[in-house]
Amino acid sequence: MKITPLGKAIMVLLGLTIIYFGVRNFGADIRKWATGGREAVPAQTATNPDDFGALRNAPADPGRNAGSAGVTAGVLAAGGKITRPLVVAINTWAGHAPGIVANGGLDPGAPASLYKKQFGLDVKFVLLEDPAAKLAAFRNGDVDIMWNTVDNWAREASILAEQNQNARSILMQDWSRGGDGIVSVNTITSIEGLKGKKIACTQFTPSHFLLLYLLSQSGLSPEDRATVEKNIIFTQDAPAAAAMFKAKQVDAAVTWEPDLSGAVTARESEAHVLISTTAATNIIADTLVARQDVIDSAPETVRDFVHGWFEGIEMMRKDPASSYAVVGKALKLDNETVSGMLSGLKLTAFADNAQFYGLTGGRAHYETLFDTAFVIWRKKGLVTKAVNAKDWADTRFISALAPAYPGEKVLEAKVAAKAPSSQDRAIINKQIDIHFTPGSDQIMPGSYFVLDALGDTMTSFGATYLRVEGNTDSTGSASANMTLSERRAAAVKKYILSNFPNIEASRFQTIGRGSSQPVASNESEAGRQLNRRTEIKVVLAQ
């Protein structure tokens, strides 16, 4: 049958109508996934630095090469084991590699399974890529342990709490160290440069959380941050965000590997990675969560699973080639892709876990991330049931393994500031008001909260250094102003070091500019006030 021109026009119109309604309703589907199928409070309030205030109470830099001494060995109830395979839901991500390697693949009973040989434990890994399907299987009891990120776990814990279901984070899998980030055109060189630009991102995901955090740390005004948030173009998933950037439909995209590198390659010389978790080292953490009934009935099984995971990290260290082959076969990835994924994260062994969950003293960074994320998701209308991080983690399985890893250290690369160079790229630029006693370098108490926020920034951006530039007005002699500005920049450094003892002094660069770089006329008091400023730059340690 021949279709008339009118018929063709009607079909085209019908097709466009279907596409329109599909696109229009897509955001609702994302929200349905994000809220676990519930109707969330219709709030979409812009975030601000105070929302991330809990992060400033986190431990500063991970202790460089610090041992895991001081962990009290936990005691578990005897006889708590399951006789069936332990079912663990994962997705196609190399951060699950230690467990896969320790199990000799996805299925239980492999000849090379350390879980079977050392612990008599059968483990079955199942691939559940869709977060909603994963959570549903977990709630239904089809899986015992599920993959998550700490920021997303805060959201899902609230959903479980509404249903009177309980679960606990039992293991930190890894830190994202380059695996997540923002790709942008080269003309955008800092977070502040995102103002007025089109940004693609997947809503209510670790990508979204990372973007909101970076905006909160930037030098953008509250109004500018709100405008950037309103202009985000939300996509179905992270690869779709990268695809929009590749197609030159947006100026920047928040995504993860391998799409992050792929997006740069696609745009060649006109694109770069604006910022990634290579710099923002302590923001995105992957975790494994166990159902409460499994924890209660089989604590020894959970402990042995965690122990085998740590041993899997050691197996990978000793024989990376064979380990990559096992992971690649299980996840249907080639060895190059597996290697690339692993290069964008830091697998976290016992010492890292002990520090992350606060077993070595100080506030647990797990609690900081979880509680901060909950505040953000509640502000976005995704969650209503209040949850506290301490109630949604069980650290007994980590502490029970303390005797097996005496003195194991948290290994982190040292970062040191360097002399200013034209090649330096400040990914965050702030002008902050630090008030000093007139004519001196004594910081006035009203400025302490501003400086505490800088300690927060240095904690989160572990692979950067802080450039503190002191500026004065032109009152007085040039030499005296130069000396005063140098002393004031040094005072900022001294305050942060005294209040964040784990931050190393080598990560600071203090510069006195005197009155040499005014931003306003010194002829008026208003202009002189603008010139008496402290500029902060978070510089990539390249």
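Definitions and limits used
- Residues numbered from 1 in each chain as written.
- Predicted model: local features only at pLDDT ≥ 70, side-chain atom pairs only at ≥ 80, totals over all residues.
- Heavy atoms only, no water.
- Buried < 20%, exposed > 50% of the residue type's maximum accessible area, 1.4 Å probe, protein only.
- Helix = DSSP H or I, 4+ residues; strand = E, 2+ residues; numbered from the N terminus.
- Pairing = 2+ DSSP bridges.
- Right-handed = clockwise from strand over helix to strand, strands pointing away.
- Axes fitted to C-alpha atoms, helices over the stretch in contact; angles between N-to-C directions.
- Contact = heavy atoms within 4.5 Å.
- Expected span 1.5 Å × (residues − 1).
- Salt bridge = Lys/Arg side-chain N within 4 Å of Asp/Glu carboxyl O.
- Lys, Arg positive; Asp, Glu negative; His and termini not counted.
- Polar contact = N/O pair within 3.5 Å; in protein donor to acceptor, adjacent residues only side chain to side chain.
- Core = buried A, V, L, I, M, F, W, Y, C linked by side-chain atoms within 4.5 Å.
- Phe/Tyr/Trp six-rings, centres within 6.5 Å; stacked < 30°, edge-to-face > 60°.
- Lys NZ or Arg CZ within 6 Å of the ring centre and 35° of its normal.
- Parallel < 35°, antiparallel > 145°, perpendicular 65-115°, else oblique.
- Nonpolar A, V, L, I, M, F, W, Y, C, P; charged D, E, K, R; others polar.
- Left-handed = near helix turned anticlockwise from the far one by under 90°.

Student: What's the story with the pairing of strand 16 (residues 508-514) in this structure? I'm lost.
Tutor: For a regular strand, side-chain orientation follows a simple rule: the groups alternate between the two sheet faces. Counting buried residues along strand 16, 5 of its 7 residues qualify, which places the element largely inside the surrounding structure. In this sheet, strand 16 lies alongside strand 15 (residues 464-471) in parallel orientation, the contact comprising 6 bridges. Within strand 16, the residue paired with Gly470 across the bridge is Gly512. With helix 18 (residues 478-499) bridging strand 15 and the parallel strand 16, this β-α-β connection has right-handed handedness.

Student: Help me understand the sheet that holds strand 3 (residues 123-127) in this model?
Tutor: Think of a sheet as strands paired side by side through backbone hydrogen bonds, with each pair either parallel or antiparallel. As summarised here, the arrangement of the 6 strands in space is 3-2-4-11-5-12, forming an open sheet in which the pairing is mixed. If you trace the sheet from one side to the other, it starts and ends with strand 3 and strand 12 (345-347), each paired once. On average, adjacent strands in this sheet sit at an angle of 30° to one another, irrespective of strand direction. Two strands pair when backbone bridges link them, and strand 5 (residues 167-176) and strand 12 are joined in this way by 3 bridges, in the antiparallel orientation. Opposite Trp175, over in strand 12, you have Lys346 as the bridge partner. Strand contacts of helix 5 (residues 150-162): strand 4 (145-149), strand 5 and strand 11 (285-291), with the helix running at about 125° to strand 4, the strand carrying the most contacts.

Student: I would appreciate a short explanation of helix 15 (residues 365-379) in the present structure.
Tutor: Residues three or four positions apart in an α-helix share a direction because the helix packs 3.6 residues into each turn. Taking 1.5 Å per residue, 15 residues should reach 21 Å; helix 15 reaches 21 Å between its end C-alpha atoms and fits that length. Burial of helix 15 is extensive: 12 of the 15 residues sit out of reach of the surface. Buried within helix 15 we find His365, Tyr366, Glu367, Thr368, Leu369, Phe370, Thr372, Ala373, Phe374, Ile376, Trp377 and Lys379. Downstream of helix 15 by a residue or two, Gly381 has a phi angle that is positive, lying close to 80°.

Student: Help me understand the pattern of salt bridges, please; the structure alone is not making it clear to me.
Tutor: Two side chains that carry opposite charge are able to pair once their charged atoms sit near each other. Inspection of every chain in the model, using the stated rule, returns 24 salt bridges. In this structure, Arg84 and Asp144 form a salt bridge, with 2.9 Å as the shortest nitrogen-oxygen distance. Of the two residues, Arg84 sits in the loop between strand 1 (66-67) and strand 2 (86-90) while Asp144 sits in the loop between helix 4 (131-140) and strand 4, which places them 60 residues apart along the sequence. Where Asp107 meets Lys124, a salt bridge forms, and the shortest distance between an N and an O atom there is 3.5 Å. In this pair, Asp107 is assigned in the loop between helix 2 (97-103) and helix 3 (114-119) and Lys124 in strand 3, connecting sequence segments 17 residues apart. Connected via shared salt-bridge partners are Glu469, Arg513, Arg533, Glu535 and Lys537.

Student: How should unusual backbone geometry be read in this particular structure?
Tutor: The general pattern is negative phi for most residues beyond glycine and trans for most peptide bonds. Of the consecutive residues Glu257 and Pro258, the connecting peptide bond is found in the cis state with omega at 5°. Tracing the chain through its elements places Pro258 in the loop between strand 9 (252-256) and helix 9 (259-267). A positive phi is found at Lys248, a non-glycine position, where the angle reads about 60°. Take Lys248: it is sitting in the loop between helix 8 (238-246) and strand 9. Residue Lys248 is classed as exposed on the basis of its relative accessible area of 57%.

Student: So what exactly am I meant to see when it comes to the environment of Phe350 here?
Tutor: Position of Phe350 among the secondary structure elements: in helix 14 (residues 350-356). Residues Phe350 and Glu311, spaced 39 residues apart in sequence, show a C-alpha to C-alpha distance of 9.6 Å.

Student: Help me out: how do you make sense of helix 5 in this one?
Tutor: Compared with the 18 Å implied by 1.5 Å per residue over 13 residues, the 19 Å span of helix 5 between its first and last C-alpha is a close match. Listed as buried for helix 5 are Val150, Asp151, Asn152, Trp153, Ala154, Arg155, Glu156, Ala157, Ser158, Ile159, Leu160 and Ala161. Positive phi shows up at Asn164, right after helix 5, with a value of about 60°.

Student: Is there a simple way to explain the side chain of Glu257 in this structure?
Tutor: The topology assignment puts Glu257 in the loop between strand 9 and helix 9. We note that Glu257 is buried and unpaired, the nearest opposite charge coming from Lys246 at a distance of 9.7 Å. At 2.7 Å, the side chain of Glu257 and the side chain of Ser261 are in polar contact. Discounting chain neighbours no more than four positions away, the residues touching Glu257 are Trp93, Gly178 and Gly179.

Student: Would you mind showing me how to read the environment of Asp259 here?
Tutor: One can find Asp259 in helix 9. The sequence separation of Asp259 and Ala238 amounts to 21 residues, and the corresponding C-alpha distance is 7.7 Å. If near-sequence neighbours (up to four positions away) are discounted, Asp259 is found in contact with Pro239 and Ala242.

Student: So what exactly am I meant to see when it comes to the nonpolar core here?
Tutor: Side chains of a nonpolar character, in soluble globular proteins, are inclined to be buried together. Trp153, Ile170, Ile182, Phe305, Tyr366, Phe370 and Ile496 are the most contacted members of the largest nonpolar core, which totals 143 residues. Leaving out residues up to four positions away in the same chain, Tyr366 has contacts with Val150, Trp153, Ser169, Phe356, Tyr357, Ala389, Trp392 and Ala393.

Student: Quick question: what am I supposed to make of the packing of aromatic side chains here?
Tutor: When we look at a pair of aromatic rings, we describe it by the centre distance and by the angle of the planes. Evaluated as defined, the whole model comprises 15 aromatic pairs. On the numbers, 6.3 Å between centres and 85° between planes, the contact of Phe204 with Trp377 is edge-to-face. Taken together, the residues Phe204 in the loop between strand 7 (199-202) and helix 6 (206-217) and Trp377 in helix 15 connect sequence positions 173 residues apart. For the pair shown, Phe204 and Trp377 are each scored as buried. Each residue in the set Trp175, Phe356, Tyr357, Tyr366 and Phe370 is aromatic and connected to the rest through ring pairs, giving one cluster. It is Lys134 that lies over the ring of Trp147; its NZ or CZ is 4.3 Å from the centre.

Student: Got a minute to help me understand the packing of helix 12 (residues 320-331) against helix 13 (residues 335-343) in this structure?
Tutor: Packed helices, taken two at a time, are described by the angle between their axes plus the distance between the axes. The N-to-C vectors of helix 12 and helix 13 enclose an angle of 105°; their axes lie 9 Å apart at closest approach. Our classification of the angle between helix 12 and helix 13 gives roughly perpendicular. Residues Tyr324, Ala325, Val327 and Gly328 of helix 12 pack against Asn335, Val338, Ser339 and Leu342 of helix 13. Within the contact of helix 12 with helix 13, the residues separate by chemical class into 5 nonpolar, 3 polar and no charged.

Student: I keep staring at the packing of helix 4 against helix 5 and nothing clicks. Help me out?
Tutor: Where helix 4 contacts helix 5, the two axes come as close as 12 Å, and the packing angle between them is 45°. Between helix 4 and helix 5, the angle falls in the class oblique. Two packed elements cross with a definite hand, and for helix 4 against helix 5 that hand is right-handed. Mapping the contact onto sequence places Pro131, Lys134, Leu135, Phe138 and Arg139 in helix 4 and Asn152, Glu156, Ile159 and Leu160 in helix 5. Counted by class, the contact of helix 4 with helix 5 contains 5 nonpolar, 1 polar and 3 charged residues.

Student: Which parts of the structure should I look at to understand the sheet that holds strand 8 (residues 232-235)?
Tutor: Ordered by their spatial adjacency, 5 strands build an open sheet running 8-7-9-6-10, and the pairing between neighbours is mixed. Each edge of the sheet is formed by a strand with only one pairing partner; in this case those strands are strand 8 and strand 10 (271-276). Put simply, the sheet's adjacent strands are angled 30° from each other on average, direction ignored. Bridge analysis of strand 6 (residues 180-185) against strand 10 gives 5 bridges, and the strand direction is antiparallel. Across the sheet, residue Ile182 finds its bridge partner in strand 10, namely Ile275. Lying over the sheet, helix 8 contacts strand 6, strand 7, strand 8, strand 9 and strand 10, oriented at roughly 145° with respect to strand 9.

Worth remembering: the numbers are spatial, not functional.
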